[in-house]
Amino acid sequence: MAYTIPPSCVHCGDCLPKCPTSAIQIDTNDEYWVEPGLCHNCENLDSNPPCVKSCPDNLPLPLPSKKGRYKAEPRLLNTHHLFANGHNNPIASCMVIWEACNLLAKGSIFPWQNDSHQQLYFERPVKQGKGKIEFRLNDDVNNDCFTPVDSEDADSTLKAMDIRAAAIHLIFAALVTSLEKPWSEEFAINHEQIETYLGLDKRKDLSKAAKLTLIKTLVQQPCKLLATIDWFPQGKIASFSVPEDRIWHLVGIENHFQEDADGYKHLVGMTFRVRAGLWAKYFLNKQGYKKCVAYYQYGTLPKFLLTTVMSIWHQHEGTVRMMLWLLFKTKMGKQQQITVPRLMYVAYGEAQVKQACLEREKRKRMLRRFESDLEVLHHYQIKPIFDPVTYPTKIQPLWARLASIPDDAEEAMEFWINDGSNETSITDSAPRGKWNLLMKARILYFELPTQWDKQLSHWESKKQRKANRQHPTKTLSSLSGGQVSSARKNRGISQRKLAQLLGKSQSWIRDIENSRFAAKPVDRIKLQKILEIEI
(Lines give C-alpha, C1' and ligand atoms only; values in the text may rest on other atoms or scores of the structure.)
Protein backbone atom coordinates (compact mmCIF):
# COMPACT_ATOMS: atom_id res chain seq x y z
CA MET A 1 0.00 0.00 0.00
CA ALA A 2 1.25 3.48 -0.90
CA TYR A 3 1.07 6.50 1.41
CA THR A 4 -0.27 10.00 0.92
CA ILE A 5 0.27 13.39 2.57
CA PRO A 6 -3.01 15.16 3.51
CA PRO A 7 -3.55 18.97 3.41
CA SER A 8 -3.01 19.13 7.19
CA CYS A 9 0.75 18.68 6.63
CA VAL A 10 2.77 21.66 7.96
CA HIS A 11 5.56 21.07 5.35
CA CYS A 12 8.37 20.86 7.87
CA GLY A 13 10.43 18.72 5.50
CA ASP A 14 11.54 16.13 8.08
CA CYS A 15 10.19 13.24 5.99
CA LEU A 16 11.82 14.26 2.71
CA PRO A 17 15.36 12.89 3.33
CA LYS A 18 14.00 9.79 5.12
CA CYS A 19 12.30 8.28 2.06
CA PRO A 20 14.62 5.58 0.55
CA THR A 21 12.90 5.67 -2.86
CA SER A 22 12.52 9.48 -3.21
CA ALA A 23 8.76 9.01 -3.43
CA ILE A 24 8.08 12.13 -1.31
CA GLN A 25 8.26 15.16 -3.60
CA ILE A 26 7.43 18.86 -3.69
CA ASP A 27 5.10 20.16 -6.42
CA THR A 28 5.00 23.58 -8.07
CA ASN A 29 2.85 24.95 -5.20
CA ASP A 30 5.51 23.93 -2.62
CA GLU A 31 3.18 21.24 -1.29
CA TYR A 32 4.41 17.78 -0.34
CA TRP A 33 2.98 14.70 -2.04
CA VAL A 34 3.86 11.02 -2.45
CA GLU A 35 4.30 9.41 -5.88
CA PRO A 36 2.42 6.11 -5.49
CA GLY A 37 4.48 4.29 -8.12
CA LEU A 38 7.65 4.81 -6.06
CA CYS A 39 6.16 4.24 -2.59
CA HIS A 40 6.22 0.58 -1.59
CA ASN A 41 5.45 1.00 2.12
CA CYS A 42 9.12 0.32 2.95
CA GLU A 43 8.31 -3.41 2.90
CA ASN A 44 11.76 -4.53 3.98
CA LEU A 45 11.84 -2.22 7.02
CA ASP A 46 9.88 -1.98 10.26
CA SER A 47 6.12 -1.78 10.46
CA ASN A 48 6.25 2.03 10.54
CA PRO A 49 8.01 3.60 7.53
CA PRO A 50 10.83 6.11 8.28
CA CYS A 51 8.74 9.02 6.97
CA VAL A 52 5.98 8.32 9.54
CA LYS A 53 8.51 7.94 12.36
CA SER A 54 10.15 11.29 11.55
CA CYS A 55 6.88 13.27 11.34
CA PRO A 56 5.60 15.01 14.52
CA ASP A 57 2.02 14.53 13.26
CA ASN A 58 2.44 10.84 12.34
CA LEU A 59 2.06 11.57 8.65
CA PRO A 60 1.96 10.40 5.83
CA LEU A 61 -1.21 8.29 5.96
CA PRO A 62 -1.95 5.06 4.05
CA LEU A 63 -3.59 5.83 0.72
CA PRO A 64 -6.82 3.87 0.27
CA SER A 65 -7.47 2.17 -3.04
CA LYS A 66 -9.14 4.41 -5.57
CA LYS A 67 -12.72 3.60 -6.40
CA GLY A 68 -14.13 4.23 -9.83
CA ARG A 69 -12.43 5.24 -13.03
CA TYR A 70 -9.48 7.61 -13.36
CA LYS A 71 -10.63 10.89 -14.87
CA ALA A 72 -8.19 13.52 -16.01
CA GLU A 73 -9.35 16.88 -17.26
CA PRO A 74 -8.55 17.44 -20.96
CA ARG A 75 -5.66 19.85 -21.39
CA LEU A 76 -4.73 21.81 -24.48
CA LEU A 77 -1.17 21.04 -25.63
CA ASN A 78 0.92 23.29 -27.87
CA THR A 79 2.13 20.43 -30.08
CA HIS A 80 0.38 18.21 -32.57
CA HIS A 81 -0.11 14.46 -32.38
CA LEU A 82 2.40 12.27 -34.19
CA PHE A 83 1.64 9.90 -37.09
CA ALA A 84 -1.11 11.99 -38.65
CA ASN A 85 -1.06 9.69 -41.70
CA GLY A 86 -1.25 6.61 -39.49
CA HIS A 87 2.13 5.23 -40.64
CA ASN A 88 5.15 7.48 -40.08
CA ASN A 89 6.34 10.91 -39.00
CA PRO A 90 9.37 13.14 -39.77
CA ILE A 91 12.16 12.92 -37.21
CA ALA A 92 15.35 14.88 -36.51
CA SER A 93 18.14 12.61 -37.77
CA CYS A 94 21.42 14.45 -37.27
CA MET A 95 24.51 12.68 -35.89
CA VAL A 96 23.81 14.01 -32.37
CA ILE A 97 20.37 12.39 -32.26
CA TRP A 98 21.64 9.16 -33.84
CA GLU A 99 24.51 8.71 -31.40
CA ALA A 100 22.35 9.68 -28.42
CA CYS A 101 19.90 6.96 -29.46
CA ASN A 102 22.78 4.44 -29.50
CA LEU A 103 23.91 5.58 -26.05
CA LEU A 104 20.44 5.11 -24.56
CA ALA A 105 19.96 1.74 -26.27
CA LYS A 106 23.32 0.28 -25.21
CA GLY A 107 23.64 1.68 -21.70
CA SER A 108 26.48 0.02 -19.81
CA ILE A 109 27.86 -1.93 -22.83
CA PHE A 110 28.74 1.35 -24.54
CA PRO A 111 32.50 2.19 -24.42
CA TRP A 112 32.31 5.04 -21.90
CA GLN A 113 35.64 6.37 -20.60
CA ASN A 114 36.94 8.48 -17.70
CA ASP A 115 38.69 11.78 -18.40
CA SER A 116 41.51 13.34 -16.35
CA HIS A 117 38.94 14.55 -13.78
CA GLN A 118 37.49 11.02 -13.44
CA GLN A 119 34.25 12.07 -15.13
CA LEU A 120 32.39 9.80 -17.51
CA TYR A 121 32.43 10.75 -21.22
CA PHE A 122 32.27 9.34 -24.74
CA GLU A 123 33.83 11.00 -27.78
CA ARG A 124 32.42 10.39 -31.27
CA PRO A 125 34.79 11.47 -34.06
CA VAL A 126 33.11 12.82 -37.20
CA LYS A 127 34.41 12.78 -40.78
CA GLN A 128 37.72 11.00 -40.05
CA GLY A 129 38.42 13.22 -37.03
CA LYS A 130 37.67 16.57 -38.68
CA GLY A 131 34.97 17.10 -36.07
CA LYS A 132 33.77 15.46 -32.89
CA ILE A 133 30.81 15.14 -30.53
CA GLU A 134 31.49 14.60 -26.83
CA PHE A 135 28.74 13.09 -24.69
CA ARG A 136 28.46 13.16 -20.90
CA LEU A 137 25.83 12.21 -18.33
CA ASN A 138 24.20 14.39 -15.68
CA ASP A 139 21.84 12.78 -13.14
CA ASP A 140 20.04 15.94 -11.98
CA VAL A 141 17.63 16.81 -14.81
CA ASN A 142 16.13 19.70 -12.79
CA ASN A 143 19.40 21.60 -12.41
CA ASP A 144 20.84 23.88 -15.09
CA CYS A 145 24.28 23.48 -13.55
CA PHE A 146 25.75 20.60 -15.56
CA THR A 147 27.88 18.38 -13.32
CA PRO A 148 28.81 15.24 -15.28
CA VAL A 149 28.69 11.85 -13.61
CA ASP A 150 32.04 10.78 -12.15
CA SER A 151 33.52 7.28 -12.11
CA GLU A 152 32.24 6.53 -8.59
CA ASP A 153 28.60 6.92 -9.61
CA ALA A 154 29.08 5.60 -13.14
CA ASP A 155 28.07 1.97 -12.50
CA SER A 156 24.75 2.78 -10.84
CA THR A 157 23.91 5.43 -13.45
CA LEU A 158 24.67 3.17 -16.42
CA LYS A 159 22.85 0.17 -14.95
CA ALA A 160 19.77 2.34 -14.41
CA MET A 161 19.66 3.27 -18.10
CA ASP A 162 16.65 1.64 -19.76
CA ILE A 163 16.70 0.68 -23.44
CA ARG A 164 13.06 1.82 -23.68
CA ALA A 165 14.21 5.40 -23.03
CA ALA A 166 15.51 5.36 -26.63
CA ALA A 167 11.87 5.21 -27.77
CA ILE A 168 11.08 8.36 -25.76
CA HIS A 169 14.15 9.99 -27.33
CA LEU A 170 12.72 9.22 -30.79
CA ILE A 171 9.33 10.68 -29.81
CA PHE A 172 11.05 13.91 -28.75
CA ALA A 173 13.06 13.97 -32.00
CA ALA A 174 9.81 13.62 -33.95
CA LEU A 175 7.95 16.31 -32.02
CA VAL A 176 10.62 18.99 -32.53
CA THR A 177 10.29 18.77 -36.33
CA SER A 178 6.95 20.60 -36.00
CA LEU A 179 8.55 23.65 -34.36
CA GLU A 180 9.98 26.63 -36.24
CA LYS A 181 12.76 27.29 -33.69
CA PRO A 182 13.02 24.14 -31.55
CA TRP A 183 16.06 25.39 -29.62
CA SER A 184 13.94 28.18 -28.07
CA GLU A 185 10.40 26.77 -28.26
CA GLU A 186 8.96 24.21 -25.87
CA PHE A 187 6.69 21.32 -26.70
CA ALA A 188 4.37 19.52 -24.30
CA ILE A 189 3.42 15.86 -24.22
CA ASN A 190 1.21 14.09 -21.69
CA HIS A 191 1.17 10.54 -20.36
CA GLU A 192 -1.79 9.53 -22.52
CA GLN A 193 0.05 10.39 -25.72
CA ILE A 194 3.14 8.49 -24.59
CA GLU A 195 1.02 5.48 -23.61
CA THR A 196 -0.53 5.47 -27.10
CA TYR A 197 2.77 5.83 -28.98
CA LEU A 198 4.46 3.09 -26.94
CA GLY A 199 1.48 0.75 -26.73
CA LEU A 200 1.33 1.01 -22.93
CA ASP A 201 -2.39 1.74 -23.11
CA LYS A 202 -2.88 -1.96 -23.90
CA ARG A 203 -0.90 -3.14 -20.86
CA LYS A 204 -3.53 -4.32 -18.38
CA ASP A 205 -0.94 -5.90 -16.09
CA LEU A 206 0.36 -2.50 -14.95
CA SER A 207 -1.46 -0.28 -12.49
CA LYS A 208 -2.04 3.40 -13.21
CA ALA A 209 0.62 4.40 -10.68
CA ALA A 210 3.16 1.95 -12.15
CA LYS A 211 2.59 3.27 -15.68
CA LEU A 212 2.99 6.90 -14.63
CA THR A 213 6.20 6.18 -12.73
CA LEU A 214 7.61 4.17 -15.66
CA ILE A 215 6.79 6.97 -18.12
CA LYS A 216 8.34 9.60 -15.85
CA THR A 217 11.53 7.55 -15.47
CA LEU A 218 11.83 6.97 -19.22
CA VAL A 219 11.22 10.67 -19.98
CA GLN A 220 13.96 11.77 -17.59
CA GLN A 221 16.69 9.52 -19.02
CA PRO A 222 17.16 11.22 -22.44
CA CYS A 223 17.31 14.53 -20.54
CA LYS A 224 20.41 13.31 -18.68
CA LEU A 225 22.54 13.36 -21.83
CA LEU A 226 24.87 16.31 -22.42
CA ALA A 227 26.63 17.05 -25.71
CA THR A 228 29.53 19.27 -26.78
CA ILE A 229 29.97 19.65 -30.55
CA ASP A 230 32.93 20.71 -32.71
CA TRP A 231 31.80 20.56 -36.34
CA PHE A 232 33.88 20.77 -39.50
CA PRO A 233 33.27 23.10 -42.49
CA GLN A 234 31.07 21.48 -45.13
CA GLY A 235 30.17 23.16 -48.40
CA LYS A 236 29.04 26.73 -47.77
CA ILE A 237 28.51 26.10 -44.05
CA ALA A 238 31.49 27.16 -41.94
CA SER A 239 32.81 25.21 -38.98
CA PHE A 240 31.14 25.83 -35.64
CA SER A 241 31.23 24.76 -32.00
CA VAL A 242 28.31 24.13 -29.66
CA PRO A 243 29.06 24.47 -25.91
CA GLU A 244 28.03 21.73 -23.50
CA ASP A 245 24.27 21.56 -23.26
CA ARG A 246 21.54 19.04 -22.63
CA ILE A 247 20.19 17.28 -25.68
CA TRP A 248 16.73 17.64 -24.13
CA HIS A 249 15.78 20.09 -21.39
CA LEU A 250 13.00 18.87 -19.09
CA VAL A 251 11.50 22.28 -18.45
CA GLY A 252 8.83 21.04 -16.09
CA ILE A 253 6.48 18.23 -15.04
CA GLU A 254 2.86 19.04 -14.24
CA ASN A 255 1.15 16.43 -12.06
CA HIS A 256 -2.61 15.98 -12.33
CA PHE A 257 -4.60 14.79 -9.30
CA GLN A 258 -8.13 13.66 -8.73
CA GLU A 259 -9.70 14.03 -5.28
CA ASP A 260 -12.05 11.32 -4.01
CA ALA A 261 -15.05 11.69 -1.69
CA ASP A 262 -12.86 11.31 1.42
CA GLY A 263 -10.52 14.12 0.37
CA TYR A 264 -7.61 11.92 -0.70
CA LYS A 265 -5.75 13.01 -3.82
CA HIS A 266 -4.88 10.38 -6.44
CA LEU A 267 -2.30 10.94 -9.17
CA VAL A 268 -4.11 10.50 -12.49
CA GLY A 269 -1.76 12.02 -15.07
CA MET A 270 1.37 13.96 -16.00
CA THR A 271 2.30 16.53 -18.62
CA PHE A 272 5.94 17.04 -19.59
CA ARG A 273 7.30 20.27 -21.04
CA VAL A 274 10.50 19.76 -23.05
CA ARG A 275 12.84 21.93 -25.10
CA ALA A 276 15.58 20.82 -27.48
CA GLY A 277 19.18 21.75 -26.71
CA LEU A 278 21.46 24.07 -28.70
CA TRP A 279 22.20 21.28 -31.21
CA ALA A 280 18.84 22.08 -32.86
CA LYS A 281 20.00 25.59 -33.78
CA TYR A 282 22.65 24.08 -36.05
CA PHE A 283 21.07 20.83 -37.26
CA LEU A 284 17.31 21.55 -37.32
CA ASN A 285 17.21 25.15 -38.49
CA LYS A 286 14.97 25.78 -41.51
CA GLN A 287 15.85 29.45 -41.91
CA GLY A 288 19.56 28.81 -41.34
CA TYR A 289 19.49 26.06 -43.96
CA LYS A 290 18.04 28.44 -46.54
CA LYS A 291 20.79 30.96 -45.77
CA CYS A 292 23.50 28.22 -45.91
CA VAL A 293 24.62 28.81 -42.30
CA ALA A 294 23.06 25.71 -40.68
CA TYR A 295 21.66 22.27 -41.47
CA TYR A 296 18.15 20.89 -41.54
CA GLN A 297 18.54 17.13 -41.24
CA TYR A 298 15.50 14.93 -40.87
CA GLY A 299 14.43 11.34 -41.57
CA THR A 300 11.35 9.20 -41.08
CA LEU A 301 10.08 7.39 -37.96
CA PRO A 302 7.79 4.41 -38.68
CA LYS A 303 4.94 4.11 -36.20
CA PHE A 304 5.39 0.36 -35.68
CA LEU A 305 8.98 0.79 -34.51
CA LEU A 306 8.03 2.31 -31.13
CA THR A 307 5.55 -0.41 -30.19
CA THR A 308 7.95 -3.09 -31.43
CA VAL A 309 10.74 -1.78 -29.20
CA MET A 310 8.40 -1.86 -26.20
CA SER A 311 7.22 -5.42 -26.92
CA ILE A 312 10.56 -7.17 -27.59
CA TRP A 313 13.14 -5.15 -25.62
CA HIS A 314 13.40 -7.66 -22.77
CA GLN A 315 13.89 -10.81 -24.86
CA HIS A 316 15.76 -9.35 -27.84
CA GLU A 317 17.85 -6.33 -26.85
CA GLY A 318 20.21 -6.99 -29.76
CA THR A 319 17.32 -6.81 -32.22
CA VAL A 320 16.14 -3.51 -30.73
CA ARG A 321 19.62 -1.98 -31.00
CA MET A 322 19.99 -3.06 -34.63
CA MET A 323 16.50 -1.76 -35.43
CA LEU A 324 17.20 1.65 -33.89
CA TRP A 325 20.60 1.86 -35.61
CA LEU A 326 19.08 0.99 -39.00
CA LEU A 327 16.48 3.75 -38.52
CA PHE A 328 19.28 6.30 -39.00
CA LYS A 329 21.60 4.22 -41.21
CA THR A 330 18.98 3.71 -43.92
CA LYS A 331 18.40 7.46 -44.05
CA MET A 332 21.80 7.64 -45.78
CA GLY A 333 20.40 5.37 -48.53
CA LYS A 334 18.53 2.09 -48.68
CA GLN A 335 21.33 0.20 -50.43
CA GLN A 336 23.78 0.25 -47.54
CA GLN A 337 26.27 -2.61 -47.32
CA ILE A 338 26.90 -3.57 -43.69
CA THR A 339 29.56 -5.93 -42.40
CA VAL A 340 28.59 -8.60 -39.89
CA PRO A 341 31.16 -7.38 -37.30
CA ARG A 342 29.69 -3.86 -37.49
CA LEU A 343 26.19 -5.21 -36.92
CA MET A 344 27.41 -7.28 -33.98
CA TYR A 345 29.15 -4.24 -32.48
CA VAL A 346 25.83 -2.40 -32.68
CA ALA A 347 23.87 -5.24 -31.09
CA TYR A 348 26.23 -6.45 -28.36
CA GLY A 349 29.07 -3.98 -28.00
CA GLU A 350 32.58 -4.16 -29.40
CA ALA A 351 34.08 -5.51 -26.17
CA GLN A 352 31.76 -8.53 -26.08
CA VAL A 353 32.41 -9.35 -29.74
CA LYS A 354 36.18 -9.21 -29.27
CA GLN A 355 35.87 -11.40 -26.17
CA ALA A 356 33.80 -13.91 -28.15
CA CYS A 357 36.62 -14.11 -30.71
CA LEU A 358 38.87 -15.46 -27.96
CA GLU A 359 36.50 -17.82 -26.11
CA ARG A 360 34.79 -20.70 -27.89
CA GLU A 361 31.70 -21.01 -25.66
CA LYS A 362 30.96 -17.29 -25.79
CA ARG A 363 31.46 -17.39 -29.54
CA LYS A 364 28.86 -20.17 -29.89
CA ARG A 365 26.36 -18.32 -27.71
CA MET A 366 26.83 -15.08 -29.63
CA LEU A 367 26.35 -16.87 -32.96
CA ARG A 368 23.03 -18.33 -31.80
CA ARG A 369 21.99 -14.98 -30.39
CA PHE A 370 22.93 -13.07 -33.55
CA GLU A 371 21.04 -15.45 -35.85
CA SER A 372 18.02 -15.34 -33.54
CA ASP A 373 18.05 -11.52 -33.56
CA LEU A 374 18.26 -11.48 -37.35
CA GLU A 375 15.25 -13.80 -37.46
CA VAL A 376 13.26 -11.42 -35.26
CA LEU A 377 14.18 -8.54 -37.59
CA HIS A 378 12.98 -10.66 -40.52
CA HIS A 379 9.72 -11.36 -38.65
CA TYR A 380 9.07 -7.61 -38.45
CA GLN A 381 9.63 -7.24 -42.22
CA ILE A 382 13.19 -5.90 -41.88
CA LYS A 383 14.71 -8.59 -44.07
CA PRO A 384 18.50 -8.97 -44.45
CA ILE A 385 19.74 -9.62 -48.00
CA PHE A 386 22.94 -11.64 -47.70
CA ASP A 387 25.90 -11.03 -49.98
CA PRO A 388 26.23 -14.28 -52.01
CA VAL A 389 30.02 -13.85 -52.26
CA THR A 390 30.96 -13.21 -48.61
CA TYR A 391 27.81 -14.58 -46.93
CA PRO A 392 27.03 -17.79 -48.89
CA THR A 393 24.18 -20.16 -48.09
CA LYS A 394 26.37 -22.57 -46.10
CA ILE A 395 26.96 -20.01 -43.32
CA GLN A 396 23.54 -18.36 -43.40
CA PRO A 397 21.11 -19.00 -40.50
CA LEU A 398 18.95 -22.10 -40.80
CA TRP A 399 15.75 -20.02 -40.86
CA ALA A 400 17.08 -18.12 -43.90
CA ARG A 401 17.95 -21.36 -45.71
CA LEU A 402 14.52 -22.83 -44.97
CA ALA A 403 12.86 -19.70 -46.36
CA SER A 404 13.71 -20.92 -49.87
CA ILE A 405 11.38 -23.94 -49.49
CA PRO A 406 8.33 -23.49 -51.80
CA ASP A 407 4.90 -23.14 -50.21
CA ASP A 408 3.26 -25.44 -52.76
CA ALA A 409 3.20 -29.05 -51.51
CA GLU A 410 4.29 -30.66 -54.81
CA GLU A 411 7.05 -28.13 -55.38
CA ALA A 412 8.21 -28.57 -51.78
CA MET A 413 8.39 -32.36 -52.24
CA GLU A 414 10.46 -31.93 -55.40
CA PHE A 415 12.70 -29.47 -53.54
CA TRP A 416 13.41 -31.98 -50.76
CA ILE A 417 14.03 -34.79 -53.26
CA ASN A 418 16.60 -32.66 -55.08
CA ASP A 419 18.09 -31.55 -51.78
CA GLY A 420 18.52 -35.15 -50.65
CA SER A 421 20.33 -36.12 -53.84
CA ASN A 422 22.93 -33.36 -53.49
CA GLU A 423 26.27 -33.77 -51.76
CA THR A 424 25.26 -31.13 -49.25
CA SER A 425 21.83 -30.60 -47.70
CA ILE A 426 20.08 -27.40 -46.68
CA THR A 427 19.90 -28.70 -43.11
CA ASP A 428 23.59 -29.58 -42.84
CA SER A 429 25.40 -28.21 -39.83
CA ALA A 430 27.55 -25.13 -40.25
CA PRO A 431 31.07 -25.62 -41.61
CA ARG A 432 34.13 -25.44 -39.41
CA GLY A 433 35.42 -21.91 -38.98
CA LYS A 434 31.98 -20.35 -39.44
CA TRP A 435 32.84 -17.52 -37.05
CA ASN A 436 35.92 -16.52 -39.05
CA LEU A 437 33.87 -16.58 -42.25
CA LEU A 438 31.20 -14.39 -40.64
CA MET A 439 33.81 -11.84 -39.59
CA LYS A 440 34.41 -11.24 -43.33
CA ALA A 441 30.75 -11.44 -44.38
CA ARG A 442 28.47 -8.62 -45.51
CA ILE A 443 24.77 -7.93 -45.68
CA LEU A 444 24.02 -6.13 -48.94
CA TYR A 445 21.04 -4.23 -47.54
CA PHE A 446 17.81 -4.66 -45.60
CA GLU A 447 14.40 -4.83 -47.23
CA LEU A 448 12.13 -2.54 -45.22
CA PRO A 449 8.39 -2.54 -44.45
CA THR A 450 6.22 -0.61 -46.89
CA GLN A 451 5.40 2.23 -44.47
CA TRP A 452 9.15 2.78 -43.92
CA ASP A 453 10.50 2.07 -47.39
CA LYS A 454 7.93 4.17 -49.24
CA GLN A 455 8.98 7.38 -47.50
CA LEU A 456 12.69 6.63 -47.99
CA SER A 457 12.12 6.03 -51.70
CA HIS A 458 10.27 9.33 -51.94
CA TRP A 459 13.15 11.22 -50.30
CA GLU A 460 15.78 9.51 -52.45
CA SER A 461 13.85 10.44 -55.61
CA LYS A 462 13.54 14.00 -54.31
CA LYS A 463 17.31 14.20 -53.71
CA GLN A 464 18.01 12.82 -57.17
CA ARG A 465 15.70 15.37 -58.82
CA LYS A 466 17.41 18.15 -56.88
CA ALA A 467 20.84 16.90 -57.95
CA ASN A 468 19.69 16.77 -61.58
CA ARG A 469 18.42 20.34 -61.35
CA GLN A 470 21.77 21.51 -59.99
CA HIS A 471 23.67 19.82 -62.83
CA PRO A 472 21.20 19.82 -65.74
CA THR A 473 23.75 19.74 -68.55
CA LYS A 474 26.29 17.49 -66.90
CA THR A 475 26.14 13.85 -67.99
CA LEU A 476 28.50 11.18 -66.77
CA SER A 477 29.44 7.98 -68.50
CA SER A 478 29.50 4.77 -66.54
CA LEU A 479 32.72 3.80 -64.80
CA SER A 480 33.25 0.07 -64.30
CA GLY A 481 35.16 -1.57 -61.48
CA GLY A 482 37.63 -3.02 -63.94
CA GLN A 483 38.48 0.43 -65.29
CA VAL A 484 39.13 1.75 -61.79
CA SER A 485 41.30 -1.24 -60.89
CA SER A 486 43.36 -1.08 -64.11
CA ALA A 487 43.88 2.69 -63.91
CA ARG A 488 44.91 2.47 -60.27
CA LYS A 489 47.45 -0.28 -60.92
CA ASN A 490 48.85 1.51 -63.99
CA ARG A 491 49.51 4.59 -61.87
CA GLY A 492 51.05 2.50 -59.08
CA ILE A 493 48.54 3.64 -56.42
CA SER A 494 47.50 1.27 -53.66
CA GLN A 495 43.86 0.90 -52.57
CA ARG A 496 44.72 2.52 -49.24
CA LYS A 497 46.36 5.53 -50.92
CA LEU A 498 43.44 5.98 -53.30
CA ALA A 499 41.01 5.78 -50.37
CA GLN A 500 42.96 8.54 -48.59
CA LEU A 501 42.90 10.77 -51.67
CA LEU A 502 39.14 10.33 -51.96
CA GLY A 503 38.40 10.56 -48.24
CA LYS A 504 36.89 7.05 -48.32
CA SER A 505 37.63 3.73 -46.64
CA GLN A 506 39.76 1.04 -48.26
CA SER A 507 36.80 -1.34 -48.24
CA TRP A 508 34.85 1.22 -50.31
CA ILE A 509 37.56 1.14 -53.01
CA ARG A 510 37.59 -2.65 -52.92
CA ASP A 511 33.81 -2.82 -53.35
CA ILE A 512 33.94 -0.41 -56.30
CA GLU A 513 36.62 -2.48 -58.04
CA ASN A 514 34.65 -5.69 -57.40
CA SER A 515 31.53 -4.00 -58.86
CA ARG A 516 29.50 -4.58 -55.71
CA PHE A 517 28.06 -1.10 -56.18
CA ALA A 518 28.64 1.92 -58.43
CA ALA A 519 30.22 5.19 -57.33
CA LYS A 520 27.97 8.22 -56.98
CA PRO A 521 28.38 10.98 -59.60
CA VAL A 522 30.45 13.19 -57.28
CA ASP A 523 32.80 10.33 -56.40
CA ARG A 524 32.97 9.24 -60.06
CA ILE A 525 34.27 12.65 -61.06
CA LYS A 526 36.95 12.47 -58.38
CA LEU A 527 38.01 8.98 -59.48
CA GLN A 528 38.33 10.06 -63.10
CA LYS A 529 40.37 13.09 -62.11
CA ILE A 530 42.76 11.27 -59.74
CA LEU A 531 43.26 8.23 -61.98
CA GLU A 532 43.19 10.29 -65.21
CA ILE A 533 40.51 8.12 -66.74
CA GLU A 534 39.12 9.43 -70.03
CA ILE A 535 35.67 8.22 -71.02
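Below: a short report on this structure. (Residues numbered from 1 in each chain as written. Predicted model: local features only at pLDDT ≥ 70, side-chain atom pairs only at ≥ 80, totals over all residues. Heavy atoms only, no water.)

Examining the side chain of Q221
Line of reasoning, step 1. Within the secondary structure, Q221 is located in the loop between α6 (208–220) and β10 (225–231).
Line of reasoning, step 2. A distance of 2.9 Å separates the side chain of Q221 from the backbone oxygen of A160, its partner in a polar contact.
Line of reasoning, step 3. The residues contacting Q221, other than those within four sequence positions of it, are L104, A160, M161, D162 and A165. (Helix = DSSP H or I, 4+ residues; strand = E, 2+ residues; numbered from the N terminus. Polar contact = N/O pair within 3.5 Å; in protein donor to acceptor, adjacent residues only side chain to side chain. Contact = heavy atoms within 4.5 Å.)

Things to note about the pairing of strand β7 (residues 120–126)
Line of reasoning, step 1. Where strand β6 (residues 113–114) meets β7, two bridges bridge the pair, whose relative direction is antiparallel. Paired with Q113 across the bridge in β7 is Y121.
Line of reasoning, step 2. Here β6 hands over to β7 after five residues, with Q118 in that stretch at a positive phi of 60°.
Line of reasoning, step 3. Looking at chain direction, β7 and strand β8 (residues 131–137) are connected through six bridges and run antiparallel. (Pairing = 2+ DSSP bridges.)

So, the nonpolar core
One recurring pattern in soluble globular proteins is that nonpolar side chains are buried together.
Line of reasoning, step 1. Counting residues in hydrophobic clusters, the biggest one holds 121 residues, and the most contacted among them are W248 and W279.
Line of reasoning, step 2. The leading source of residues in this core is helix α4 (residues 165–175), at ten residues.
Line of reasoning, step 3. Each residue touching W248, except ones within four places of it in the same chain, is listed here: I97, H169, F172, A173, V176, F187, P222, C223, V274, R275, A276 and W279. (Core = buried A, V, L, I, M, F, W, Y, C linked by side-chain atoms within 4.5 Å. Buried < 20%, exposed > 50% of the residue type's maximum accessible area, 1.4 Å probe, protein only.)

Some thoughts on the sheet that holds strand β16 (residues 383–386)
Where strands meet in a sheet, backbone hydrogen bonds hold them as pairs that are either parallel or antiparallel.
Line of reasoning, step 1. If you trace the three strands from one edge of the open sheet to the other, you get β15-β17-β16, paired in antiparallel fashion. Of all strands in the sheet, those bounded by a partner on one side alone are β15 (338–339) and β16.
Line of reasoning, step 2. Note: β15 against strand β17 (residues 442–447), two bridges, orientation antiparallel. In the strand pairing of β17, I338 is matched with I443.

Points about the pattern of salt bridges
Line of reasoning, step 1. For the structure on display, the rule yields 20 salt bridges.
Line of reasoning, step 2. With its nearest N and O atoms 2.9 Å apart, the salt bridge here joins E317 to R321. Taken together, the residues span about one helical turn, with E317 and R321 both in helix α10 (residues 317–329) at a distance of four residues.
Line of reasoning, step 3. Residue E317 is classed as partly exposed on the basis of its relative accessible area, which comes to 29%.
Line of reasoning, step 4. Residue classification places R321 among the buried positions, given a relative accessible area of 7%.
Line of reasoning, step 5. Close ionic contact of D511 with R442 constitutes a salt bridge, the shortest N to O distance being 3.2 Å. In this pair, D511 is assigned in helix α20 (residues 506–513) and R442 in strand β17, connecting sequence segments 69 residues apart. The two residues D511 and R442 agree in class, both being buried. (Salt bridge = Lys/Arg side-chain N within 4 Å of Asp/Glu carboxyl O.)

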